[in-house]
Amino acid sequence: MDTRDMITKKLLDAQEMVRDFEMFSKNTDDQEVAKYFKEFAELSGEQARQLQRLSDKYRRQ
């Protein structure tokens, strides 16, 4: 697995985490858990954005 493949894999993983945390935050009755899951979705979203920048960089090369 080369660097580009690793970035792509982790980008997909981060995007999936965003979707999962958002869905879980909407499907729990526990407001504290929902709050944390929403925060985790936002953090995963930032990781996904950073990985997307790296992926774009490697695509241009």
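Residues numbered from 1 in each chain as written. Predicted model: local features only at pLDDT ≥ 70, side-chain atom pairs only at ≥ 80, totals over all residues. Heavy atoms only, no water.

Mind showing me how you'd approach the packing of aromatic side chains here?
For the structure shown, the criterion picks out five aromatic pairs. Measuring from centroid to centroid gives 6.0 Å for F24 and F37, while their planes differ by 50°, and the two rings are tilted. Here F24, found in helix α1 (residues 3-26), pairs with F37, found in helix α2 (residues 31-60); they are 13 residues apart in sequence, far enough to count as distant. With a relative accessible area of 37%, F24 lands in the partly exposed category. Residue F37 is classed as partly exposed on the basis of its relative accessible area of 22%. (Phe/Tyr/Trp six-rings, centres within 6.5 Å; stacked < 30°, edge-to-face > 60°. Helix = DSSP H or I, 4+ residues; strand = E, 2+ residues; numbered from the N terminus. Buried < 20%, exposed > 50% of the residue type's maximum accessible area, 1.4 Å probe, protein only.)

What exactly am I supposed to notice about the packing of α1 against α2 here?
For any two helices packed against each other, the geometry comes down to the angle between their axes and how far apart the axes lie. The N-to-C vectors of α1 and α2 enclose an angle of 155°; their axes lie 8 Å apart at closest approach. On the basis of their axis angle, the class for α1 and α2 is roughly antiparallel. Judged by the sense of rotation from one axis to the other, the crossing of α1 with α2 is left-handed. Here the residues of the contact of α1 with α2 sort into 15 nonpolar, seven polar and five charged. (Axes fitted to C-alpha atoms, helices over the stretch in contact; angles between N-to-C directions. Parallel < 35°, antiparallel > 145°, perpendicular 65-115°, else oblique. Left-handed = near helix turned anticlockwise from the far one by under 90°. Nonpolar A, V, L, I, M, F, W, Y, C, P; charged D, E, K, R; others polar.)

Any chance you could explain the side chain of S44 here in plain terms?
Along the chain, S44 turns up in helix α2. S44 gets classed as buried once you look at its relative accessible area, which sits at 8%. Setting aside residues up to four positions removed in sequence, S44 forms contacts with A14, M17, V18 and F21. (Contact = heavy atoms within 4.5 Å.)

Honestly, the environment of D20 in this entry has me stumped. Any pointers?
When you line up the elements, D20 lands in helix α1. D20 sits in the partly exposed class, given a relative accessible area of 25%. Placed 17 residues apart in sequence, D20 and F37 show a C-alpha to C-alpha distance of 8.9 Å.

I'm lost on α1 in this one. Help?
Since there are 3.6 residues in each turn of an α-helix, residues three or four apart along the chain are aligned in direction. The end-to-end C-alpha separation of α1 is 35 Å, in line with the 34 Å expected for 24 residues at 1.5 Å each. Of the surrounding secondary structure, the elements contacted by the buried residues of α1 are α2. (Expected span 1.5 Å × (residues − 1).)

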